[in-house]
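Descriptive analysis of the structure
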Amino acid sequence: ALLRHFSLAQLKIFYYSRSLEPALNQLRTEGPIGFVPTMGALHEGHLALVQAAKDAGCLPIVSIFVNPRQFNNPEDLRLYPRTAAEDLALLAAAGCRAVFLPEPAEVYPSGANIPETHLGELENRFEGSFRPGHFRGVSEVLYRLFSLVKPDFAFFGEKDFQQCAVVETLVKAHFNNISLQRVPTLREESGLAMSSRNRRLSASGREKAAAIFQALQQAANGRQQGLAPNDAIVEASRWLELAGIETEYFALADPLHLEKLNAWPQGNAVLLFAGYLEGVRLIDNLRC
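So, here's what we can say about the structure. All values derive from a computational prediction rather than experimental measurement. (Residues numbered from 1 in each chain as written. Predicted model: local features only at pLDDT ≥ 70, side-chain atom pairs only at ≥ 80, totals over all residues. Heavy atoms only, no water.)

Side note on the overall build of the chain
Short version of the rule: The helix and strand labels rest on DSSP assignments: H or I over at least four residues marks a helix, E over at least two residues marks a strand, and numbering proceeds from the N terminus. Relative accessibility thresholds used throughout: buried, under 20% of the residue-type maximum; exposed, over 50%; partly exposed, between the two (1.4 Å probe, protein chains only). Here, residues are in contact when the closest pair of their heavy atoms is within 4.5 Å. Here, Shrake-Rupley sampling with a 1.4 Å probe gives the accessible areas, and only protein chains in the shown set may cover a residue. Charge convention: Lys and Arg are scored as positive, Asp and Glu as negative, and His as well as the terminal groups of each chain are ignored. By convention, charge coordinates are those of NZ in Lys, CZ in Arg, CG in Asp, or CD in Glu.
Helix and strand content of the chain: 12 helices and nine strands. Along the longest, intermediate and shortest principal axes, the C-alpha atoms of the chain span 60 × 40 × 35 Å. Looking at the chain residue by residue over its 288 residues, the buried ones come to 52%. Residue pairs at least 24 apart in sequence account for 74% of intrachain contacts in the chain once pairs closer than 6 positions are excluded. When the accessible area of the chain is evaluated, it comes to approximately 13,400 Å², of which 50% is carbon and sulfur surface. Put simply, the chain has 28 plus and 31 minus side-chain charges, and the middle of one group is 4 Å from the middle of the other.

Overview of helix α3 (residues 44–55)
Filter applied, for reference: For a helix, the expected span equals 1.5 Å multiplied by the number of residues minus one.
The end-to-end C-alpha distance of α3, which contains 12 residues, comes to 16 Å, matching closely the 16 Å that a straight helix rising 1.5 Å per residue would cover. Three or more residues of α3 are buried, namely G45, H46, L47, L49, V50, A52 and A53. Where α3 ends, the next residue or the one after it, G57, has phi of about 80 degrees, a positive value.

Describing the layout of surface pockets
To keep things clear, this is the line we draw: Residues are said to line a cavity or pocket when one of their atoms sits within 4 Å of a point; the points come from a 1 Å grid over protein atoms alone, cavities being sets where a 1.4 Å probe fits but cannot get out and pockets being open sets with protein on both sides within 12 Å along at least five of seven lines. Grid points are joined across faces, edges and corners, and a volume is the space filled by probe spheres set on the points. In this count, Pro and Cys sit with the nonpolar residues alongside Ala, Val, Leu, Ile, Met, Phe, Trp and Tyr, while Asp, Glu, Lys and Arg are called charged and the others, Gly among them, polar.
Here the largest pocket is characterised by a volume of approximately 350 Å³. Along the wall of the largest pocket there are 20 residues; nearest its centre are I64, F65, V66, P102 and E103. Of all the secondary structure elements, the ones that give two or more residues to the lining of the largest pocket are α5 (84–94) and α6 (104–107). Approximately 190 Å³ is the volume attributed to the second largest pocket. Taken together, 14 residues form the lining of the second largest pocket, with N73, D76, R197, Y276 and R281 sitting closest to its centre. Every element with two or more residues in the lining of the second largest pocket is listed here: α4 (74–79) and β9 (280–287). By residue class, the composition of the lining of the second largest pocket is four nonpolar, three polar and seven charged.

Digging into the sheet that holds strand β8 (residues 270–277)
Strands pair in a sheet through their backbones, by hydrogen bonds, and they do so in one of two ways: parallel or antiparallel. Rules: Pairing between two strands requires that DSSP report at least two bridges joining them. All axes are obtained by fitting lines to C-alpha atoms, using only the stretch in contact for helices, and the reported angles, taken between N-to-C directions, cover 0 to 180 degrees.
The strand order across the open sheet formed by three strands is β7-β8-β9, and the pairing between neighbours is antiparallel. A strand with exactly one partner marks an edge of an open sheet, and here the two such strands are β7 (246–253) and β9. Between one strand axis and the next, the sheet turns by 10 degrees as a mean value, whatever way the strands run. Two strands pair when backbone bridges link them, and β7 and β8 are joined in this way by seven bridges, in the antiparallel orientation. Each residue of the ladder has a partner; that of L252, found in β8, is L271.

Section: the sheet that holds strand β6 (residues 179–183)
One open sheet holds the six strands; their spatial order is β1-β4-β3-β2-β5-β6, and the pairing between them is parallel. The open sheet is flanked by β1 (12–14) and β6, the only strands paired with a single partner. Pairs of neighbouring strands in the sheet enclose a mean axial angle of 25 degrees, with direction left out of account. Relative to strand β5 (residues 153–157), strand β2 (residues 33–38) is paired through two bridges, and the arrangement is parallel. If you follow F35 over to β5, its bridge partner there is A154. Strands β1, β3 (59–64) and β4 (98–100) of the sheet are contacted by α5, whose axis makes an angle of about 175 degrees with β3. Sheet strands touched by helix α8 (residues 134–149): β2, β3, β4 and β5. Its angle to β2, the strand with the most contacts, is close to 150 degrees.

So, the packing of aromatic side chains
Put simply, the rule is: The criterion for an aromatic pair is that two Phe, Tyr or Trp rings (for Trp, the six-membered ring) have centres within 6.5 Å, with stacked assigned to planes under 30 degrees apart, edge-to-face to planes over 60 apart and tilted to the rest. Our definition puts a charge over a ring when NZ of Lys or CZ of Arg is within 6 Å of the ring centre and also within 35 degrees of the ring normal.
Summed over the entire model, instances satisfying the criterion amount to nine aromatic pairs. A centroid spacing of 5.3 Å and a plane angle of 55 degrees characterise the contact between Y143 and F175, whose relative ring orientation is tilted. Pair noted here: Y143 is in helix α8 and F175 is in the loop between α9 (161–174) and β6, with a separation of 32 residues, a long-range link. Of the two residues, Y143 and F175, neither departs from the other in class, the shared state being buried. An aromatic cluster is built from F35, Y143, F146 and F175, whose rings are joined through pairwise contacts. A cation over a ring is seen here: R69 above Y108, with NZ or CZ 3.7 Å from the ring centre. The positively charged end of R182 is found above the aromatic ring belonging to F161, 5.0 Å away from the centroid.

Overview of the side chain of R97
With respect to the helices and strands, R97 occurs in the loop between α5 and β4. Classification of R97 by relative accessible area gives buried; the value is 17%. Among residues more than four places away in sequence, those in contact with R97 are Q10, L11, K12, L27, E30, L59, P60 and I61.

Some words on helix α12 (residues 229–243)
Condition: In this analysis the local bend is the angle between axes fitted, respectively, to the seven residues ending at and the seven residues starting at the residue.
When the terminal C-alpha atoms of α12 are compared, their 22 Å separation across 15 residues agrees well with the 21 Å that a helix rising 1.5 Å per residue should span. Helix geometry: α12 is bent most strongly at A236, by close to 25 degrees. Of all the positions in α12, only P229, A232, I233, A236, S237, L240 and A243 are classed as buried. On its buried face, α12 is in contact with α10 (203–209), α11 (211–221), β7 and β8. Of the residues flanking the end of α12, it is G244, one or two places downstream, whose phi is positive at about 75 degrees.

Printed below as a string of structure tokens:
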């Protein structure tokens, strides 16, 4: 009844692409489509993407689909929060125009042709190294969603920095008509990057997790202090140790290809972090 109520309001909900397509064709008469793909468990960071679409003059369309192909850990997939009713209420209030809420068989029908996207070393570095097959799953689901929604613009948060690079590769290979828009990471007052996974942390865990951003900031400051990147990262890692955060990787990289850097470059770089707190895997990054 709750879902039916929302579908009768400004927000339209679609479970099947066959009904989504004519609705989107109608919406295109009003303006360009701005697409925000999500896995649900929405927070202010997702809503910032919806707002970015509106600010760009687009009609915001959101998908909610927990993609099984991008989870290399079955337990992580099982525990991923699913909060459809709350998500729809947030999207209705945010001015979203339509939500695509498909089942796996709708996204991956039998015989669906998904061409391979050659990701090169992006597939093996950092996230790719610790989550084998993850970016192949990301590129497959986005190929299908882009093919079904046919957006003019697509909006992604920079918290998933490496994913943004993967999406750029996918768009260049298959969807030159889509304009990819990166939106800066939205943070809680403590500096913790907003994430659907944060709700799995205890109250004290959320406080401790703020050490991730503090460590990134301190490592970035090492550039001005004349420290080599590795030395700056070692110094900054003390914040993580004090908070009981287990580091998976903490490194400086080239922002285009995510090649690890051992010296500060002339131009821009990005600090990348992944680690565990209370059994929850958290990632963050900081341009520097």
